[in-house]
Amino acid sequence: QKEVEQNSGPLSVPEGAIASLNCTYSDRGSQSFFWYRQYSGKSPELIMSIYSNGDKEDGRFTAQLNKASQYVSLLIRDSQPSDSATYLCAGGSGYSTLTFGKGTMLLVSP
Amino acid sequence: DAGVIQSPRHEVTEMGQEVTLRCKPISGHNSLFWYRQTMMRGLELLIYFNNNVPIDDSGMPEDRFSAKMPNASFSTLKIQPSEPRDSAVYFCASSFNRGGGYTFGSGTRLTVV
C-alpha cells in the first residue's frame, strides 16, 4: 500500500525563523511531489511541486527531493504568522493518483 | 477561471436521508476526484474519473455511496441512506491528469445527525 508519512506536529517556530517540514513516501514509482497548504476550515491549496532530485525555490519556499532516500521536504524562510496552517505532502506518478499524507500543523508565533 | 465549484458549502441532514453533493471542475481538466477528509483519516480518495468515466472507485466506503459524471462539467456524489459516521468534509478536485497537481474546491461540510 502506498503511503506518505508526515509528523502531525504541531511544529512551532518564531516569526522570522526557518520552518522545515518533512515527508517520506513508500512508493519508489512516485515521480511527482506536491506540497499543499490548508488553513483551518479551508481547502488544500497547491503551493509547490517538484519532480527532480534537488532543490526548487519559489519566493520564501524551497522544496527538496531525494528519491534515493524517498524523502521530500519544504523549507519556509522568514516564517510569518500567516504561514500558520497544515501542510500536506502528496506524491504520485502518471500511472496513479496522488497519495496524500495526513499533514503537519505549523504554528508561527509573533 | 472560477476554480472548482462545489455545492452546497454546508449540509446538515438526518440519518437515513439522501444527500447529494455537486461539483463543477475547471474547464479543460479531464480528471476529477472526490475526497473525504476527517481528522482521524486525513484525505481519503473516494473515486476518480477520467474523461467522465469512473476509473477507480475502490475508495468508496460501501454501496450507500455512488458517484456520477454525466458530462465534463458536472459530477455528483450521493449518499443514500446517510449515517452519522458519514459526517466529514467532502472535497472535489480536478486536474489535467491523475498524477499532476490537483485543484480543490471549497468543500462541503456534511453533518448527519
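### Thoughts on the overall build of chain A
Moving on, step 1. Summing up its helical and strand segments, chain A has zero helices and 11 strands in all.
Moving on, step 2. Counting from the amino terminus, helix and strand elements in chain A follow one another as β-β-β-β-β-β-β-β-β-β-β.
Moving on, step 3. The C-alpha atoms of chain A give 13 Å as radius of gyration, which agrees with the globular expectation for 110 residues (13 Å, within 12%).
Moving on, step 4. Principal-axis analysis of the C-alpha atoms places the extent of chain A at approximately 40 × 30 × 20 Å.
Moving on, step 5. Expressed as a percentage of contacts within chain A between residues at least 6 apart in sequence, the contacts between residues at least 24 apart total 53%.
Moving on, step 6. Summing over all exposed atoms, chain A offers an accessible surface of approximately 5,300 Å²; the carbon and sulfur share of this is 48%.
Moving on, step 7. A distance of 5 Å separates the average location of the 9 positive side-chain charges in chain A from that of its 10 negative side-chain charges.

### Quick look at the pattern of salt bridges
Residues and elements named next belong to chain B.
Moving on, step 1. The full count for this structure, using the stated rule, is 12 salt bridges over all chains.
Moving on, step 2. Two residues, Arg64 and Glu62, come together in a salt bridge whose shortest N-O distance is 2.9 Å.
Moving on, step 3. Of the charged contacts in the structure, one is a salt bridge between Arg64 and Asp86, with a shortest N-O distance of 2.7 Å. Taken together, the positions of Arg64 in the loop between strand E6 (53-56) and strand E7 (65-71) and Asp86 in the loop between strand E8 (74-79) and strand E9 (88-95) put the pair 22 residues apart, joining distant regions of the chain. The same class applies to Arg64 and to Asp86, which are both buried.
Moving on, step 4. Ionic contacts of the salt-bridge type, sharing partners, join the residues Glu62, Arg64, Glu83, Arg85 and Asp86 into one network.

### Digging into the nonpolar core
Residues and elements named next belong to chain A.
Moving on, step 1. Core analysis: the largest hydrophobic core is formed by 22 residues, its most contacted members being Trp35, Val72, Leu74, Ile76 and Tyr87.
Moving on, step 2. Residue assignment for this core shows that the elements contributing at least two residues are strand E3 (19-25), strand E4 (32-38), strand E5 (45-50), strand E7 (61-66), strand E8 (71-76), strand E9 (85-93) and strand E11 (104-109).
Moving on, step 3. With four residues, E3 is the single largest residue contributor to this core.
Moving on, step 4. In contact with Ile76, other than residues within four places in its own chain, are Ala17, Ile18, Ala19, Leu21, Arg60, Phe61, Asp83, Tyr87 and Leu106.

### A word on the state of the cysteines
Moving on, step 1. For the coordinates displayed, the defined rule picks out two disulfides over all chains.
Moving on, step 2. Two residues, A:Cys23 and A:Cys89, share a disulfide whose sulfurs are 2.1 Å apart. Taking the torsion about the S-S bond as the criterion, the A:Cys23 to A:Cys89 disulfide, at about -70°, is left-handed. With A:Cys23 in strand E3 and A:Cys89 in strand E9, this residue pair connects regions lying 66 residues apart in the sequence.
Moving on, step 3. Paired by a disulfide, B:Cys23 and B:Cys92 hold their sulfur atoms 1.9 Å apart. Of note, the bridge from B:Cys23 to B:Cys92 carries an S-S torsion of about -65° and is left-handed in sense. Taken together, the residues span a long stretch of sequence, with B:Cys23 in strand E3 (residues 19-24) and B:Cys92 in strand E9 at a distance of 69 residues.

### Some words on the sheet that holds E7(A)
All names here are of chain A.
Moving on, step 1. Spatially, the five strands line up as an open sheet ordered E1-E3-E8-E7-E6, and their pairing is antiparallel. The outermost strands of the open sheet, each flanked by one partner alone, are strand E1 (4-5) and strand E6 (54-58).
Moving on, step 2. Looking at chain direction, E1 and E3 are connected through two bridges and run antiparallel. Looking at E3, one finds that Val4 is bridged to Tyr25.

### A closer look at the packing of aromatic side chains
Moving on, step 1. Per the counting criterion, the structure on display carries 11 aromatic pairs over all chains.
Moving on, step 2. Ring geometry for A:Phe100 and B:Tyr102: centres 6.4 Å apart, planes at 55°, overall tilted. Highlighted residues: A:Phe100 in strand E10 (residues 96-100) and B:Tyr102 in the loop between E9 and strand E10 (103-104), drawn from two different chains.
Moving on, step 3. Taking relative accessible area as the criterion, B:Tyr102 reaches 1% and is therefore assigned buried.

Parameters at a glance
Residues numbered from 1 in each chain as written. Chains lettered and ligands numbered in written order. Predicted model: local features only at pLDDT ≥ 70, side-chain atom pairs only at ≥ 80, totals over all residues. Heavy atoms only, no water. Helix = DSSP H or I, 4+ residues; strand = E, 2+ residues; numbered from the N terminus. Rg over C-alpha atoms; globule rule 2.2 N^0.38 Å. Contact = heavy atoms within 4.5 Å. Areas by Shrake-Rupley, 256 points an atom, 1.4 Å probe, with all protein chains shown as cover. Lys, Arg positive; Asp, Glu negative; His and termini not counted. Charge placed at Lys NZ, Arg CZ, Asp CG, Glu CD. Salt bridge = Lys/Arg side-chain N within 4 Å of Asp/Glu carboxyl O. Buried < 20%, exposed > 50% of the residue type's maximum accessible area, 1.4 Å probe, protein only. Core = buried A, V, L, I, M, F, W, Y, C linked by side-chain atoms within 4.5 Å. Disulfide = S-S within 2.5 Å. Pairing = 2+ DSSP bridges. Phe/Tyr/Trp six-rings, centres within 6.5 Å; stacked < 30°, edge-to-face > 60°.

Any functional reading would require information beyond the geometric quantities listed.
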